[in-house]
Amino acid sequence: MEEMDLTYNELVRRWKALRGSGGLRVREVACVGAPRTLLCAESGEAEQPVVALAAGIHGDEPAAAWALLDCAERGLLDEHFAYRIWPCTNPTGFERGTRRSVDDVDVNRTFGRGGQSPEAKAILTANRDRSFVLSIDFHEDCDATGFYCYDYADASHKLGERIVDAVTRGGFPLQDFHGFDLGVALPEDKIRFEPGLVYADPAAEAEALGAQTYSLILARRAAKNVLTFETPSTARWEDRVTMHCAALQAALSALRTM
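Q: Can you walk me through the pattern of salt bridges in this structure?
A: Where charged atoms of side chains with opposite charge meet at close range, the side chains can pair. Summed over all chains, the structure comprises 17 salt bridges. Between Asp-103 and Arg-36 there is a salt bridge whose closest N-O contact spans 2.5 Å. With a gap of 67 residues between them, Asp-103 in the loop between α3 (91-96) and α4 (118-127) and Arg-36 in the loop between β1 (25-30) and β2 (37-43) connect regions that are remote in the sequence. A residue is classified by how much of its surface remains accessible, and Asp-103, at 41% relative accessible area, is partly exposed. Overall, Arg-36 belongs to the buried group, its relative accessible area being 12%.

In structure tokens:
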């Protein structure tokens, strides 16, 4: 891989350079009580169904945020939908390359009770009274050997199946869950697995975690279909980005047929 500038400042610069492209609007949202902002990008018209996209909530999962930017730069966002995009929901962790923010907080455990971190409060406030046909949060997993997806959508829609099919067609492996630790234990009737797919009950998962994540709070309040993508952070950079992009395209394509 050629040496690239993977700093947060460069990520912001490139998102701002997309202003006006495909009607994309880019602004900064203040984090109340903290000296930082979150980048927010939007496109589409008021009458269009809205898709929420987010990445960078863990700063040690950098390919997720760069993959989301790559999708925008390459014009992979289906214009049938409007978008609310959070390019990096933990900028201080991203800058430091750490899972937790500069406040030593895992931002992805702070979406309960109206937001328990400046970042979560900013996102929940901005999303207030908004509804989404789909939410996707882009992640990476340092313990994974293949791609996988948490699918909180109606299983009859088969969104997850379409996504893992696309990743497989690209020649990438799917995660085998035999003996794999997801970091949260749920009763057998609240979770099931297929190759590359985790179907979990969002309320049961939130109870087991003792916290609300970005995806779980959207599944509870604002989005009809919710997905979380995970790519193996030990894979080649280009492959991690490509997996995310293929998964997003498959999700949007499936959504159009629902």
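Next comes the rest of the write-up.
Q: Explain the layout of surface pockets to me, please; I cannot follow it from the model alone.
A: A probe as big as a water molecule, rolled over the atoms, marks out the empty space that is left. Its boundaries defined by the atoms lining it, the largest pocket holds a volume of some 540 Å³. Of all elements in the fold, only β5 (134-141), β6 (148-151), α6 (202-209), α7 (214-221) and β9 (226-232) reach the threshold of two or more residues within the lining of the largest pocket. Here the lining of the largest pocket takes four residues from β5, the largest share from any one element. What lines the second largest pocket is a set of 15 residues, and nearest its centre among them are Ser-21, Gly-22, Ser-43, Leu-77 and Glu-79.

Q: Before we go on, may I ask you to explain the packing of aromatic side chains in this structure?
A: Centre distance and the angle of the planes are the two values used to describe a pair of aromatic rings. Throughout the structure, instances matching the rule amount to 10 aromatic pairs. Residues Tyr-8 and Phe-94 carry aromatic rings whose centres are separated by 6.2 Å and whose planes lie at 65° to one another, so their mutual orientation is edge-to-face. On the criterion of sequence distance, the pair formed by Tyr-8 in helix α1 (residues 8-17) and Phe-94 in helix α3 is long-range, its members being 86 residues apart. Between Tyr-148 and Phe-180 the ring centres are 5.8 Å apart and the planes differ by 75°, which places this aromatic pair in the edge-to-face class. Residue Tyr-148 is found in strand β6, and its partner Phe-180 is found in the loop between α5 (159-169) and β7 (191-194); the two are separated by 32 residues along the sequence. What makes Tyr-148 buried here is its relative accessible area of 2%.

Q: Help me understand the sheet that holds β2, please; the structure alone is not making it clear to me.
A: Adjacent strands of a sheet form backbone hydrogen bonds with each other and so pair up, either parallel or antiparallel. Pairing in this open sheet of nine strands is mixed, and the strands run β1-β2-β4-β3-β5-β9-β6-β8-β7 from one edge to the other. Lying at the two open borders of the sheet, with one neighbouring strand each, are β1 and β7. This sheet shows a mean twist of 20° between the axes of neighbouring strands, independent of strand direction. Sheet analysis places strand β3 (residues 50-55) next to β5, joined by five bridges and oriented parallel. When the bridges of β5 are listed, Leu-53 appears paired with Ile-136. α4 rests against β1, β2 and β4 (82-86) of the sheet, and its axis sits at about 165° to β4.

Q: Mind showing me how you'd approach α5 here?
A: Each α-helix winds once per 3.6 residues, and so residues spaced three or four apart point in a common direction. Within α5, the full set of buried residues consists of Leu-159, Gly-160, Ile-163, Val-164, Ala-166 and Val-167. Projected down its long axis, α5 shows its buried positions confined to an angular sector of 155°, all on one face. In the segment just after α5, Gly-171 is the residue with positive phi, at about 90°.

Q: Would you take a moment to explain the pairing of β4 for this structure?
A: Side chains on a regular strand alternate between the two faces of the sheet. Of all five residues in β4, five are buried, a share of seventy percent or more. Residue alternation in β4 divides its side chains into two sets, Ala-82, Arg-84 and Trp-86 and Tyr-83 and Ile-85, and both sets are buried. Judged from the three bridges that link them, β2 and β4 form a sheet pairing that is antiparallel. Note on β4: the bridge partner recorded for Ser-43 is Tyr-83. Pairing analysis gives five bridges linking β3 to β4, with the strands arranged parallel.

Q: I tried to follow unusual backbone geometry on my own but got confused; where do I start?
A: Excluding glycine, a negative phi dihedral is what most residues carry, and trans is how most peptide bonds are arranged. Although it is not a glycine, Asp-104 adopts a positive phi angle of roughly 60°. With respect to the helices, strands and loops of the structure, Asp-104 is situated in the loop between α3 and α4. A residue is classified by how much of its surface remains accessible, and Asp-104, at 52% relative accessible area, is exposed. In the Ramachandran plot, Arg-113 falls in the positive-phi region, its phi being about 50° despite a non-glycine side chain. You can see Arg-113 is positioned in the loop between α3 and α4. Given the relative accessible area of 74%, Arg-113 is considered exposed.

Q: Please clarify how the side chain of Asp-141 should be interpreted in this entry.
A: Among the structural elements, Asp-141 can be located in strand β5. The residues touching Asp-141, leaving out its near neighbours within four places in the chain, are Tyr-148, Phe-180, Glu-230, Thr-231, Pro-232 and Ser-233.

Cut-offs used in this document
Residues numbered from 1 in each chain as written. Predicted model: local features only at pLDDT ≥ 70, side-chain atom pairs only at ≥ 80, totals over all residues. Heavy atoms only, no water. Salt bridge = Lys/Arg side-chain N within 4 Å of Asp/Glu carboxyl O. Helix = DSSP H or I, 4+ residues; strand = E, 2+ residues; numbered from the N terminus. Buried < 20%, exposed > 50% of the residue type's maximum accessible area, 1.4 Å probe, protein only. 1 Å grid on protein atoms, 1.4 Å probe; cavity = no way out; pocket = protein on both sides within 12 Å on 5 of 7 lines; lining within 4 Å. Points joined across faces, edges and corners; volume = space filled by probe spheres on them. Phe/Tyr/Trp six-rings, centres within 6.5 Å; stacked < 30°, edge-to-face > 60°. Pairing = 2+ DSSP bridges. Axes fitted to C-alpha atoms, helices over the stretch in contact; angles between N-to-C directions. Contact = heavy atoms within 4.5 Å. Arc of directions from axis to C-beta.

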